[in-house]
Amino acid sequence: MPQSTRRATKIMDKVARAVPRPAEPDFGITKNSHRAMRKLLRQPVTLVGVGIFVIVTLACLFAFLIAPYDPTAIDMTSVLKPPSLEHLLGTDRTGRDVLSRILFGGQVSIAIGLGSAVGAAILGTTLGLLAGYRGGWLDSIVLRASELFMAFPQIIVVLLLVSIVGQSALNLVIIFVATGWGSIYRMARSVTLSIREEEFVMAQRALGIRPLVICFKEILPNAIGPIAVNITLSTAMFILQESSLSFLGLGVPMETPTWGNILNAANDLRVLRDAWWLWLPVGAVIAAFVLSINLIGDGLRDSTDPNLQG
Amino acid sequence: MLAYIIRKTLQIVPMLLVLSLLVYIGLDLMPGDAVSYLIGPDAMASIDPAKLDEIRARLGLNDPFIVRYWHWLLGVVQGDFGYSLTSGVPVSEILWRRLPATVELSIAALVISTVLGSVLGIISALRQGSPLDSGLTVAGMIGLSIPEFFFGLMLIVVFSLGLGWFPVGGRTSLGSGSLWTQLHQLALPAFALGIAMTAGVMRYARGAMLDAASRPFMTTARAKGAPMWRVNIVHGFRVALTPMVVLIGFRLPTLISGSVVIEQIFQWPGIGSEFLAAVRGHDYPLIMIIALLSTGAMLAASLIIDLVTAVIDPRVRLEK
């Protein structure tokens, strides 16, 4: 390496070190996480949310330990039995234990919701960071695409895709990711655009650090807070969507118990009137679980949003 | 203002074109073509392939993709949407039959959620920190978290099956029943559809009102001796209105999505239940056209929202 280049590198190195970095934003997951965490847990409403969330998640996760029956075991001798000590939440039309179905169904429903939210976040963040950083034609194409996806009413495009690719849990996740990345992409993009011209990013670029590294090591940490909020809120949204689709009989195939599939039984007025245990408990569980995620998401936003921090 | 309207309208055209292209590609990719629907499979086997080719050429099916797309697009613009695969009826006829029910339901839900949401939100903001405020906030969170269809089911169980106040579902078409019957049938589905939006509007109205309350012009209004209700409604609510108009626009997709499920539960004969039937029966022309039109409707709505915002807040239209 010629002398001059080496000197130039050294100078740039010094410049990079001298340029004051913006104070690490306190997003609750990075170094100074304690303050945000404490703030999060000090709100009683958020605590209620965390409580419900933990209880439901653990109950579903350990369904194989606590569920009294096999969720798919058919018992034609006890059909449509109301709740009793034997079957705490009664049995359905083919004698399957409703409580066990709710617990095992929760596994699938939560997995679909969380998986789709994380998938959409990864896709949206990557596109937002890279396209936002590069700018130019790539950025405008992705931006238009996101507008297009956000213009479709979601359930219409989801049903359209379901009718093309067929029903399965995995297909549902793929469809949710494909249709749900727009909002987080826009968020990641706007963060990238606002930071792209900051001096510490310029310095890194001058040092020849690869754009990919700059995007994920320098820009991404600034967006972690909003991303976490977005993941929680879209988990709630996807769980609601899965339950609607399965309720309509167009989501996960009927053999797999999910919260929506259990509710599918309520498509019958007689069941609605005479067999409340088939739909009321599972509906209440969905509502409570989604509520808990929304509460956590709100608490997370309050505790991570730098604008609200004193 | 005119320039603003024209610019905004022109921005939508390319998006609609791309959408229609996607929809046409979808239609084009599905198995079979018009000829295979005209001629049964038995007859197809006995027909001379050259003859088939001739029919295809006459119908324009052998034209290059872009030519076929152009003809299809011209048809769509003129209201010719093709035919339903399951019933053989023109798609436009189905849509015209189904549209009034959906429009009626959507407008009712929009009115309910806007009025109820803003009133509750304003009350909540004016009584900030009171038990009423906390109660409404919690109720709003629950309203946002409860699946719409589950709320609809509970309404049916309580008010139709239990108390017998409302019918379980269905709709008499305009003109064939008294206004009372119609409102009676509309009440439950409209309320079920409006619940999530009501909660959303309420949260937003509360925030916007609180935001407005802290501005200096509110102090000015109070200082000049205007009565409190006048200060809150005329000065405060007016400023809070802009974000709320925008919010109603953002809620339209929720409305369209929600109506698909709600129409199913209440046996409401609208576009949503038709769409579900089409998805179940793999009636692709119907599916695609409904997707195209609902998206077009949303783009049009967002255009209107943009224009209304520009009227309310002059800064918007003067921006570059």
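Residues numbered from 1 in each chain as written. Chains lettered and ligands numbered in written order. Predicted model: local features only at pLDDT ≥ 70, side-chain atom pairs only at ≥ 80, totals over all residues.

**Details of the overall build of chain A**
For clarity, the threshold we go by: By the criteria applied, helices consist of DSSP H or I runs no shorter than four residues and strands consist of E runs no shorter than two, each listed in order from the N terminus. With C-beta atoms placed from the backbone, the exposure class of a residue follows from how many other C-beta atoms lie within 10 Å of its own: 20 or more, buried; 12 or fewer, exposed; in between, partly exposed. Two residues qualify as a contact pair if the distance between their C-beta atoms, derived from the backbone, is within 7 Å.
Helix and strand counts for chain A come out as 15 helices and 0 strands. Out of the 310 residues in chain A, the part that is buried amounts to 42%. Across chain A, every contact between residues at least 6 apart in sequence was considered, and the portion connecting residues at least 24 apart equals 71%.

**A few points about the overall build of chain B**
The number of helices and strands found in chain B is 14 helices and 0 strands. In sequence order, the secondary structure elements of chain B are arranged as α-α-α-α-α-α-α-α-α-α-α-α-α-α. In chain B, which comprises 320 residues, the proportion classed as buried is 32%. Summarising the internal contacts of chain B: among those between residues at least 6 apart in sequence, 75% fall at separations of at least 24.

**A closer look at the packing of helix H3 (residues 44-61) of chain A against helix H15 (residues 280-304) of chain A**
Residues and elements named next belong to chain A. Operational definition: Between N-to-C directions, angles span 0 to 180 degrees; the directions come from axes that are lines fitted to C-alpha atoms, helices contributing only their stretch in contact. Each angle gets one of four labels, with under 35 degrees taken as roughly parallel, over 145 as roughly antiparallel, 65 to 115 as roughly perpendicular, and the rest as oblique. In this scheme the crossing of two helices becomes right-handed for a clockwise turn of the near helix relative to the far one and left-handed for an anticlockwise turn of less than a right angle. Note that Gly is not counted as nonpolar here; it falls among the polar residues with everything else outside the nonpolar set of Ala, Val, Leu, Ile, Met, Phe, Trp, Tyr, Cys and Pro and the charged set of Asp, Glu, Lys and Arg.
Two elements in contact, H3 and H15, have axes whose closest approach is 8 Å; the angle formed by their N-to-C orientations is 135°. When the axes of H3 and H15 are compared, the pair comes out oblique. Crossing hand, H3 versus H15: left-handed. Of the residues in H15, those in contact with Val45, Thr46, Val48, Gly49, Val50, Ile52, Phe53 and Val56 of H3 are Val285, Ala288, Phe289, Ser292, Ile293, Leu295, Ile296 and Gly299. Partitioning the contact of H3 with H15 into residue classes produces 12 nonpolar, 4 polar and no charged.

**Comments concerning the interface of chain A and chain B**
Residue-level contacts link 32 residues of chain A with 32 residues of chain B. When contributions to the side of chain A that touches chain B are tallied by element, the ones reaching two or more residues are helix H6 (136-151), helix H7 (154-165), helix H12 (224-247), helix H14 (269-274) and H15 of chain A. Partitioning the side of chain A that touches chain B into residue classes produces 24 nonpolar, 6 polar and 2 charged.

**Here we look at the nonpolar core**
Selection rule: Working definition: the nonpolar core is a set of buried Ala, Val, Leu, Ile, Met, Phe, Trp, Tyr and Cys residues, joined through C-beta atoms within 7 Å.
With 133 residues, the main nonpolar core has Ile287 and Ala291 of chain B as its most contacted residues. For Ala291 of chain B, the residues in contact, after removing those within four places along its chain, are Phe152, Ile156, Val157 and Leu160 of chain A together with Val23 of chain B.

**What to know about the confidence of the model for chain B**
All names here are of chain B. Note the following rule: Summary of the metric used: pLDDT quantifies the predictor's per-residue confidence within the range 0 to 100.
Looking at chain B as a whole, the pLDDT averages 78, with 86% of positions reaching at least 70. The secondary-structure element of chain B with the lowest mean pLDDT is helix H2 (residues 34-38), recorded at 61, while helix H6 (residues 91-126) shows the highest, at 85. Overall fold confidence for the complex sits at a pTM of 0.80, while the interface term, ipTM, reaches 0.77.

**Some details on helix H10 (residues 216-223) of chain B**
The element H10 of chain B is barely covered by neighbouring structure, given that only 0 of its 8 residues are classed as buried. Looking one or two residues beyond H10 of chain B, the residue adopting positive phi is Gly225 of chain B, at roughly 95°.

**What about unusual backbone geometry?**
Residues and elements named next belong to chain B. Despite not being glycine, Gln267 has its phi angle at roughly 55°, a positive value. The topology assignment puts Gln267 in the loop between helix H11 (228-265) and helix H12 (271-280). What makes Gln267 partly exposed here is the crowd of 14 C-beta atoms within 10 Å.

**A closer look at the confidence of the model for chain A**
The predicted coordinates ought not to be read in detail in places where the model reports low pLDDT. Per-residue confidence for chain A averages 78 on the pLDDT scale, and 84% of its residues sit at or above 70. Across residues 19-31 of chain A the pLDDT falls below 50, and counting only partners more than four positions away or on other chains, this stretch makes 26 contacts in the model.

**Observations concerning the environment of Leu163 of chain B**
Relative to the assigned elements, Leu163 of chain B resides in the loop between helix H8 (148-162) and helix H9 (179-213). Residues Leu163 of chain B and Gly140 of chain B lie 23 residues apart in sequence; the distance between their C-alpha atoms is 25 Å.

**So, the environment of Pro131 of chain B**
Residue and element names in this part refer to chain B. As for its position among the elements, Pro131 is in helix H7 (residues 131-145). We classify Pro131 as exposed; it has 8 C-beta atoms within 10 Å. Each C-alpha atom, one on Pro131 and one on Leu247, is 26 Å from the other, the two residues being 116 residues apart in sequence.

**So, the environment of Ser116 of chain A**
Residue and element names in this part refer to chain A. When you line up the elements, Ser116 lands in helix H5 (residues 98-134). Note on Ser116: 26 C-beta atoms within 10 Å, which makes it buried. Beyond its immediate sequence surroundings of up to four residues, Ser116 is in contact with Val173, Phe176, Val177, Gly180 and Phe238.

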